[in-house]
Amino acid sequence: MLNIRRDICGYCGACVSVCPEGALELVDAYLTVEDTCSTCGICEKICPLGALEVIKE
Ligand code: SF4
Ligand code: SF4
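These numbers were taken from a predicted model, which means no experiment stands behind them.

K.L.:
Tell me what's going on with the nonpolar core, and back it up with residues and numbers.
P.N.:
Core analysis: the largest hydrophobic core is formed by 13 residues, its most contacted members being Leu2, Cys15, Leu24, Leu31, Cys43 and Leu52. Secondary-structure elements contributing two or more residues to this core are β1 (2-4) and β4 (52-54). Apart from the residues lying within four places of it in its own chain, the contact partners of leucine 31 are Ile4, Arg6, Cys15, Val16, Leu24, Glu25, Leu26 and Leu52.

Rendered as structure tokens:
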């Protein structure tokens, strides 16, 4: 799963545009992730604030 640290996220939207699955959505100041997330980790790498973390299950 993808853990979103909303206390850190700055709503820049960078992760939304890099997700190959289109699983991230930023509505106003709230980032959501859908079940289509493949936990590829691209968004985790691109986030400038370190607000995203892939947790392997
Ligand atoms: S881990 Fe990959 S598939 Fe999941 S939200 Fe991030 S970029 Fe998209
Ligand atoms: S890249 Fe990071 S700071 Fe920017 S919207 Fe995504 S989670 Fe938030």
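K.L.:
Could you give me a rundown of the site of ligand 1, with the residues and numbers involved?
P.N.:
Residues in contact with ligand 1, as listed here, are Leu2, Cys19, Pro20, Glu21, Leu24, Cys37, Ser38, Thr39, Cys40, Gly41 and Cys43. Assessed atom by atom at 2 Å from the grid points, ligand 1 resides in the second largest cavity. Partitioned by chemical class, the residues of the shell around ligand 1 number 7 nonpolar, 3 polar and 1 charged.

K.L.:
So what's going on with empty space enclosed by the protein? Which residues, and what values?
P.N.:
Summed over all chains, the structure comprises 2 cavities of 30 Å³ or more. For the largest cavity, the calculated volume is near 100 Å³. Residue lining of the largest cavity: 14 residues in total, with Cys9, Tyr11, Cys12, Cys15 and Cys47 positioned closest to the centre. Along the lines of polarity and charge, the residues of the lining of the largest cavity split into 12 nonpolar, 2 polar and no charged. Considering only enclosed or pocket space, the second largest cavity measures out at about 80 Å³ in volume. If you go around the second largest cavity, you meet 14 residues; those closest to its centre are Cys19, Cys37, Thr39, Cys40 and Cys43. Residue composition of the lining of the second largest cavity, grouped by class: 10 nonpolar, 3 polar and 1 charged.

Conventions used here
All residue numbers refer to position in the chain's written sequence, counted from 1. As they are written, the chains are lettered A onward and the ligands numbered 1 onward, keeping that order. This being a predicted model, a pLDDT of at least 70 is required before a residue's local features are given, and a value of 80 or more before pairs of side-chain atoms are given or counted; all residues contribute to the totals for chains, interfaces and linings. Side-chain calculation: all heavy atoms of the structure are included, whereas hydrogens and water are not. Among the buried residues, those of types Ala, Val, Leu, Ile, Met, Phe, Trp, Tyr and Cys that are joined through side-chain atoms within 4.5 Å form a nonpolar core. Classification of residues uses two cut-offs on accessible area relative to the type maximum, computed with a 1.4 Å probe and protein chains only: under 20% is buried, over 50% is exposed, and between them is partly exposed. A helix here means a DSSP run of H or I that spans at least four residues, while a strand means a run of E at least two residues long, and both kinds are numbered starting from the N terminus. A contact between two residues is defined here by any heavy atoms of the two lying within 4.5 Å. The criterion for a residue being near a molecule or strand is simple. One of its heavy atoms has to lie within 4 Å of it. Of the two site types, the cavity is a set of points on a 1 Å grid over the protein atoms alone where a 1.4 Å probe fits but cannot get out, and the pocket is an open set with protein on both sides within 12 Å along at least five of seven lines, each lined by residues with an atom within 4 Å of a point. More than half of a molecule's atoms lying within 2 Å of a cavity's or pocket's grid points is what places that molecule inside it. Classification used: nonpolar for Ala, Val, Leu, Ile, Met, Phe, Trp, Tyr, Cys and Pro, charged for Asp, Glu, Lys and Arg, polar for all others including Gly. Grid points are joined across faces, edges and corners, and a volume is the space filled by probe spheres set on the points.

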